[in-house]
Amino acid sequence: MQCLSNRWHMLAWGHCILSYMIWLYCDDTSSNTSKKWNKHNSFLFTAARLPHVMVHKESSIHFLATSNIAPPLEMLEP
């Protein structure tokens, strides 16, 4: 077994760790013009290293969460 000198490698018990850069964004999905009823906040993400022609394709946008109760900053809390 090799020497585990990297802290993250030790925390992962020797498993491979990959980093994945994303663009995270929040969208107000209410369709009403008054914004008073049915307001929903949704979080979505897209891979940050996609080619420009693929960034806005529906297949490249991934849903994370939505709420009609919690404001966006509360939705980001662990």
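These remarks concern the structure in this document. Everything numeric in this text was worked out from a predicted model, so none of it was measured.

Conventions used here
- Residues numbered from 1 in each chain as written.
- Predicted model: local features only at pLDDT ≥ 70, side-chain atom pairs only at ≥ 80, totals over all residues.
- Heavy atoms only, no water.
- Helix = DSSP H or I, 4+ residues; strand = E, 2+ residues; numbered from the N terminus.
- Buried < 20%, exposed > 50% of the residue type's maximum accessible area, 1.4 Å probe, protein only.
- Contact = heavy atoms within 4.5 Å.
- Polar contact = N/O pair within 3.5 Å; in protein donor to acceptor, adjacent residues only side chain to side chain.
- Pairing = 2+ DSSP bridges.

## Focus on the overall build of the protein chain
A tally of regular secondary structure across the protein chain gives 2 helices and 3 strands. Counting only residues that meet the buried cut, the protein chain has 18% of its 78 residues in that class. Counted over contacts in the protein chain with a minimum sequence separation of 6, partners at least 24 positions apart contribute 33%.

## Some points on the side chain of Ser67
Turning to its location among the elements, Ser67 is positioned in strand E3 (residues 61–67). Using a relative accessible area of 16% as the deciding quantity, one classes Ser67 as buried. One polar contact links the side chain of Ser67 to the main-chain amide nitrogen of Ala70, over a distance of 2.9 Å. Setting aside chain neighbours within four positions, we find Ser67 in contact with Lys39, His40, Asn41 and Met75.

## Focus on the pairing of strand E2 (residues 41–47)
With respect to burial, E2 is a largely interior element, 7 of its 7 residues being buried. Alignment of strand E1 (residues 22–28) against E2, held across 7 bridges, turns out to be antiparallel. Looking at the pairing, Leu24 lines up with Phe45 of E2. In terms of strand pairing, E2 meets E3 through 6 bridges, oriented antiparallel. Each residue of the ladder has a partner; that of Thr46, found in E3, is Ile61.

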